[in-house]
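Chain and residue survey
Now for the letters of each chain:
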Amino acid sequence: MSPTGNSTAVLLLAHGTLDVLGEMAEYLGKVTGGRALPHEVVEELQHRYAQIGLGEQPGPEPPPLTRWTLAQGRLLEAALAASGNPLRVYVGMRNWHPYIADVVARMRADGVTRVLAICLAPQNSRTSIGLYRRALMSAVDSDASATKMAVTFVEEWPEEPALIEAFAERLVAVYPQACAEAGAALPVLFTAHSVPCRTIMTGEASVVGARPGTPMQATPDPYPVEAKRTAELVFASAAHRLPELKTWFFAFQSQGVSGGPWIGPTVEDTLKAMRDEGHTGIVLQPIGFLCDHVEILYDIDIAFTEMAAALGLRLYRPQSLNDSPLLADALVAVVKRALAT
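So, a few notes on the structure that sits alongside this text. (Residues numbered from 1 in each chain as written. Predicted model: local features only at pLDDT ≥ 70, side-chain atom pairs only at ≥ 80, totals over all residues. Heavy atoms only, no water.)

**Focus on the sheet that holds strand β2 (residues 88–93)**
Pairing in this open sheet of four strands is parallel, and the strands run β2-β1-β3-β4 from one edge to the other. The open sheet has two edge strands, β2 and β4 (150–154), and neither has a second partner. Adjacent strand axes in the sheet meet at a mean angle of 25°, parallel and antiparallel pairs treated alike. Where strand β1 (residues 8–14) and strand β3 (residues 114–119) come together, six bridges link them in parallel fashion. Across the sheet, Ala-9 pairs through a bridge with Val-115, a residue of β3. Contacting β1, β2 and β3, helix α4 (residues 100–109) crosses the sheet at an angle of about 155° to β2. Sheet strands in contact with helix α11 (residues 325–339) are β1, β3 and β4, and its direction is about 140° off that of β3. (Pairing = 2+ DSSP bridges. Helix = DSSP H or I, 4+ residues; strand = E, 2+ residues; numbered from the N terminus. Axes fitted to C-alpha atoms, helices over the stretch in contact; angles between N-to-C directions. Contact = heavy atoms within 4.5 Å.)

Written out as structure tokens, the structure reads:
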């Protein structure tokens, strides 16, 4: 840990995930802002989480998203100390424990007066970054009598060189063996989490179906462009080391189960199109996620893998970043820039 006298600290912000299946309805209420979902949706999501190891009772370890996010916080703190910038690193979740508000209260009690907040979602979207910022500032401003905490909020870091190298390193590690097993040079399909269509639109269309009080957006959401830019840079870095790597595609995954249309193209449609182009295999790499959780362990490793097999495609996935030292390096670089502002 860094010296207790240092009043500046880093706060990593993440989505959060439930600990046991019985918490699903409450958890989804947090995710949707209180909007109740049909019982069959709750049951379907309980099934998916059960498939990746969640049970009725807490397991010996936290769920993957919680476990890896906390590990990333520890790795960042160690990397900051090694770089000569010893800072405490806290982790706050928007939708589950440890809640952002609770962590902010702990930071204040620890004497923190300046917060460097970084979302563990490199690409800027109103449905992620905007909600994280709102939750953080609500927590910071909740006690008018407390000493004001200064906040430096990092909105995006989709082109951070060490982040690109972290993804490329994972891709390079799996690609040659995948091609050898498939007997052909395979294309790469990069993915990022889909968002509702209204969130990337402007004017009145940006508030259709949104929560009451949501302001109209005057400019397009940068998320789709930033997600594809990350993919483009990862491909270029990997292709530099893998001459046989020639082709890549992009799709948005894990569209919501309700709430209107979500942006595409979908992975499902893209897999069919790739099959129709004559491909027999694919390397699917999510570049909008920094660790394992249900969108990777279920959506990709189970649902998309089964669909690919039914289409006659072999699907391979690089390891998630999880405890990647290069990810820690990327976060150190982000912190250093924030410190300079």
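**Section: the pairing of strand β7 (residues 281–286)**
The buried count for β7 comes to six of six residues, which makes it a mostly enclosed element. Taking every second residue as pointing to the same face, both faces of β7 are buried, with Gly-281, Val-283 and Gln-285 on one and Ile-282, Leu-284 and Pro-286 on the other. For strand β5 (residues 188–193) and β7, the ladder comprises four bridges, and the chain directions are parallel. Residue Leu-189 lies in a different strand from β7, and its bridge partner there is Leu-284. (Buried < 20%, exposed > 50% of the residue type's maximum accessible area, 1.4 Å probe, protein only.)

**A short note on helix α3 (residues 64–82)**
In this model, α3 (19 residues) spans 26 Å end to end at C-alpha, consistent with the 27 Å of a helix rising 1.5 Å per residue. The set of residues buried in α3 consists of Pro-64, Leu-65, Thr-66, Trp-68, Thr-69, Ala-71, Gln-72, Gly-73, Leu-76, Glu-77, Ala-79 and Leu-80. Its buried side turned inward, α3 meets β1, β2, α9 (294–297) and α11. Two residues or fewer after α3 comes Gly-84, characterised by a positive phi angle close to 85°. (Expected span 1.5 Å × (residues − 1).)

**Let's talk about the sheet that holds β7**
Taking strand neighbours across the sheet as the criterion, the four strands line up as β6-β5-β7-β8 in an open arrangement whose pairing is parallel. On the outer flanks of this sheet lie β6 (248–253) and β8 (314–316), each paired with one strand and no other. This sheet shows a mean twist of 30° between the axes of neighbouring strands, independent of strand direction. As paired strands, β7 and β8 are joined by three bridges and run parallel to one another. Paired with Gly-281 across the bridge in β8 is Arg-314. Seen against the sheet, helix α7 (residues 223–241) touches β5, β6 and β7 and runs at an angle of roughly 140° to β6. Of the strands in this sheet, β6, β7 and β8 are in contact with helix α10 (residues 299–310), which crosses β8 at around 160°.

**Observations concerning α4**
By the burial criterion, the buried members of α4 are Ile-100, Val-103, Val-104 and Met-107. Looking down the long axis of α4, one finds its buried residues gathered within 100° of arc, a one-sided arrangement. Structurally, α4 contributes buried residues whose contacts are with β1, β2, β3 and α5 (126–140). Looking one or two residues past α4, Gly-111 carries a phi angle of roughly 90°, positive in sign. (Arc of directions from axis to C-beta.)

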